[in-house]
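Chain by chain, the residues:
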Amino acid sequence: MSASSNLYLPGFPSQIRYGWTLALTLLGLSTLLTLWLLWPSALSMAHIWFNSQTYAHGTFIPALTLFLIWTRRQELARQSPEPWAWGLIWIALATLAWILARGVDVKTVQHFALVAMLPGLVLTLLGPRLAWSLVFPLAYLFFAVPFGDFIVPPLMDYTAWFSVLLLKLSGVPVHMDGHYISIPAADFVVIEACSGVRYLIASLALGLVYAYLNYNSLWRRLAFMALAIGLPMLANGLRAYSIIITAHVTDGRIILGYGHIVVGWVFFGVVMFLMFWIGSFWADRHGPVDARNGAAPRASSQPVNAFNLALIMLAVVGVLGSARGTEVLLQQRAQQTRVEAPIRLPSAVPGWQGPEDVADVWRPAYHDADAELAGRYRDNGGAVELHLLHYRNRGQGTELISWRNQIHERNETWRPVAGRSRTLTDNDGQPRAVQETLLRGPSGRLRLIWHWYQIGERATIDRVEVKLRELQMVLIGDGRGAFLVALSTQGDELTLDAARQRLEDFARALPQPVGYHDHDD
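Residue indices begin from 1 for each chain and proceed along its sequence in written order. Local features in this predicted model are restricted to residues of pLDDT 70 or higher, and side-chain atom pairs are both shown and tallied only at a pLDDT of 80 or more, whereas totals for entire chains, interfaces and linings draw on every residue. Values reported for side chains reflect all heavy atoms of the structure, with hydrogen atoms and water molecules removed beforehand.

Another point: the nonpolar core. Among buried residues, the Ala, Val, Leu, Ile, Met, Phe, Trp, Tyr and Cys ones that are joined through side-chain atoms within 4.5 Å form a nonpolar core. Working definition: with a 1.4 Å probe on protein chains only, accessible area under 20% of the residue-type maximum means buried, over 50% means exposed, and in between means partly exposed. Ranked by internal contacts, the top residues of the largest apolar core, which has 46 residues, are L38, I91, W98, V122, L125, V316 and L320. Sort the elements by how many residues they give to this core and helix α7 (residues 107–126) lands first, with 11 residues. Note on contacts: a residue pair qualifies if any of its non-hydrogen atoms lie within 4.5 Å across the two residues. Residues within four places of I91 in sequence aside, it is in contact with G120, L121, T124, V316, V319 and L320. Residues L345, V434, L448 and L503 belong to the second largest nonpolar core, which totals 27 residues. Here a helix means four or more residues in a row that DSSP labels H or I, a strand means two or more in a row labelled E, and each is numbered from the N terminus.

This is how it looks when you write it as structure tokens:
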């Protein structure tokens, strides 16, 4: 029986074939409508695919999803669409998540919400039985979301640690300072591109498809996914080690530099071949078992009610349309929010003199702030620099919490040595969390940084809380915006405790809330 004859269900009533045609047509139209109405999120996701090597695999996910659906065509052909109005709840929740994320420009949540709408459309227009038959392909769509930056720092730590371990085992003199690795022949730094995150994510995406198509047992699939995670991590560590050991053996004459990225993809191709070869030893010889090999569900004898399906489709259009309509209203509300007086540095901090002008020695690597102020304050023990970056959240692309914004520069001028959160006690006895970062700069100088976020009267280091409070400000029409508050001071290994005490004394003396001046200094 050919694929096309299965699709059109010979032997079933013409009403059933008509129901499939109608349901698939509406599903295609509603998918296009979703992409059109939510085009900013679709465009930003595609932009990341085509401009990031880490997430370039996203361009293939829709095609792989269609391929996975095609592998189940015979099982699907034995069923018929049964539109399910309760699926509108799924679409409505995804729409609400998109609206809220769009209000404060959280692109990752926007992308997840956009992708989540597609399974919701299948659930609503084809019914829960067909949606369950497609649960893996529909879930696989979420790999199209550019997501995974949070694992980059631990992967960088692992790569640096693993490389140094192998160098020591090889008898190479080596010193590690954070992500900086020094051997007699040359110095190296483990940057984001060296973390192996792009290889790991691509390996997971390909490994899931392989496991789905070649294994029946859950344990076999889990074993292969463990291989898909462990093998790229091991290979990336070996790749970094091979680059450094090559420089050592050649006394620094051969250093690949950025060429190691190209070498890395060739290496990744070899690793993928090795992974699939190893996985073939426990693959099921006859392929995965599904409804094609057993009793398949019969199509419902009841034809699809075109009128009910049309009503459901109208409801889908209404829910999707509400996303763009609400976005326009939120944008208008943001433009109408009251504007506070211009921000300024505290002109008087008890026990401190200042502010003085700050030379551009160091600044937080934050972008597109509405305003940025910096000043130096002194007491008898030393100086503290205060940086205030203000974000009013009046438009997309200018947000305080963003993947681009980091407390330290992404270059070799200042390099992170250590970081942790600390809790200090304010003068009123209330605890306050700050994020501490220790940087090593030119000539080995150390800079100790404390930073937090100020939203209204609330100070926090929780990035999720910042986004939620920014959304609250948009909804209630509060135009004060949010601040990055960064304190920094010079120090060395012998005076770090004194530097911490200096920052704590200054933080306690700062007028609260920082940056807002509804009160007199």
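So, next bit.
Salt bridge, as applied in this entry: a Lys or Arg side-chain nitrogen positioned within 4 Å of an Asp or Glu carboxyl oxygen. Taken as a whole and judged by the stated rule, the model has 11 salt bridges. For R72, the salt bridge is made with E75, and the minimal N-O distance between the two is 2.4 Å. With relative accessibility at 13%, the residue R72 sits in the buried group. In this structure E75 comes out as buried when scored by relative accessible area, which is 7%. Among the ionic contacts, a cluster of salt bridges with common partners joins R422, E436, D497 and R500.

This brings us to the confidence of the model for the protein. Caution applies to low-pLDDT regions: their predicted coordinates should not be interpreted in detail. Overall, the prediction assigns the protein a mean pLDDT of 80, with 83% of residues at 70 or greater. Confidence, read as mean pLDDT per element, is least for helix α1 (residues 3–7) in the protein (41) and greatest for helix α9 (residues 135–140) (94). How sure the predictor is of each residue is captured by pLDDT, a score from 0 to 100. Residue range residues 1–13 is modelled with pLDDT below 50. Its contacts to residues more than four positions away, or to other chains, number 17 contacts. Note on residues 289–297: pLDDT is under 50 here. Beyond four places in sequence and across chains, it has 15 contacts.

One requirement defines pairing of two strands: DSSP has to find at least two bridges between them. With respect to topology, three strands assemble into an open sheet ordered β1-β2-β3, the strand pairing being antiparallel. The outermost strands of the open sheet, each flanked by one partner alone, are β1 (175–177) and β3 (186–189). Strand-to-strand twist across the sheet, computed as the mean angle between neighbouring axes with direction ignored, equals 20°. When β1 meets strand β2 (residues 180–183), the two strands line up antiparallel, connected through three bridges. Of the residues in β2, the one forming a bridge with H175 is S182. Strands in contact with helix α10 (residues 152–169) are β1 and β2; relative to β2, the strand with the most contacts, it is inclined by about 15°. Here, axes are lines fitted to C-alpha atoms. For helices the fit covers the stretch in contact, and angles between N-to-C directions go from 0 to 180 degrees.

What follows concerns the pairing of strand β9 (residues 446–455). Burial analysis of β9 places 10 of its 10 residues in the buried class, which makes it a mostly covered element. Side chains L446, L448, W450, W452 and Q454 of β9 all project onto a buried face; the interleaved residues R447, I449, H451, Y453 and I455 project onto the opposite face, where all are buried too. Summarising the sheet, strand β8 (residues 431–440) and β9 pair through six bridges and their orientation is antiparallel. Its bridge partner lying in β9, R440 is registered against L446. Counting the residues in the hairpin turn of β8 and β9 gives five residues, including S443, whose phi is positive at 60°. Across 10 bridges, the pairing between β9 and strand β11 (residues 482–491) is antiparallel. When the sheet's bridge partners are listed, W450 is paired in β11 with L487. Taken together, the three bridges between β9 and strand β10 (residues 458–460) define a ladder with antiparallel strand orientation. Bridge assignment links Q454 to a residue of β10, and that residue is A459.

This brings us to the pairing of β11. Counting buried positions along β11 yields nine of 10 residues, so the element is predominantly enclosed. The pairing of strand β6 (residues 382–391) with β11 spans seven bridges and is classified as antiparallel. Opposite L386, over in β11, you have L487 as the bridge partner.

Take the environment of L386 next. Topologically, L386 is positioned in strand β6. Separated by 28 residues in sequence, L386 and V358 place their C-alpha atoms 9.1 Å apart. In this structure L386 touches L345, P346, L373, A374, G375, Y377, V485, A486, L487, F506 and L510, once residues within four positions along its chain are discounted.

Across the interface, helix α6 (residues 87–103) lies against α7 with an axial gap of 8 Å and an inter-helix angle of 165°. Regarding the angle of α6 to α7, the classification is roughly antiparallel. The hand of the α6/α7 crossing is left-handed. On α7, the residues touching G87, L88, W90, I91, A94, T95, A97, W98, A101 and R102 of α6 are V109, Q110, A113, A116, M117, P119, G120, L121, L123 and T124. Throughout this entry, Asp, Glu, Lys and Arg are counted as charged residues, while Ala, Val, Leu, Ile, Met, Phe, Trp, Tyr, Cys and Pro are counted as nonpolar. The remaining residues, Gly among them, count as polar. Counted by class, the contact of α6 with α7 contains 14 nonpolar, five polar and one charged residues. Should an angle lie under 35 degrees it is considered roughly parallel, over 145 roughly antiparallel, and from 65 to 115 roughly perpendicular; all remaining angles are considered oblique. Here a crossing is taken to be left-handed if its near helix is turned anticlockwise relative to the far helix by less than a right angle, and right-handed if that turn runs clockwise.

Moving on, we come to the packing of aromatic side chains. We call Phe, Tyr and Trp rings a pair once their centres come within 6.5 Å, taking the six-membered ring for Trp, and we label the pair stacked below 30 degrees between planes, edge-to-face above 60, and tilted otherwise. Using the criterion set out here, one finds 18 aromatic pairs in the structure. With a centroid separation of 6.4 Å and 10° between ring planes, the pair formed by F224 and F276 is classed as stacked. Separated by 52 residues along the polypeptide, F224 in helix α12 (residues 218–249) and F276 in helix α13 (residues 259–279) bring together distant segments of the chain. For F276, a relative accessible area of 26% translates into the label partly exposed.

Inspection of the secondary structure assignment puts R376 in strand β5 (residues 371–379). Between N or O atoms, a polar contact is any pair within 3.5 Å; within protein, one atom must be a potential hydrogen donor and the other a potential acceptor, and residues adjacent in sequence are included only when both atoms are from side chains. A polar atom in the side chain of R376 sits 3.0 Å from the side chain of E385.

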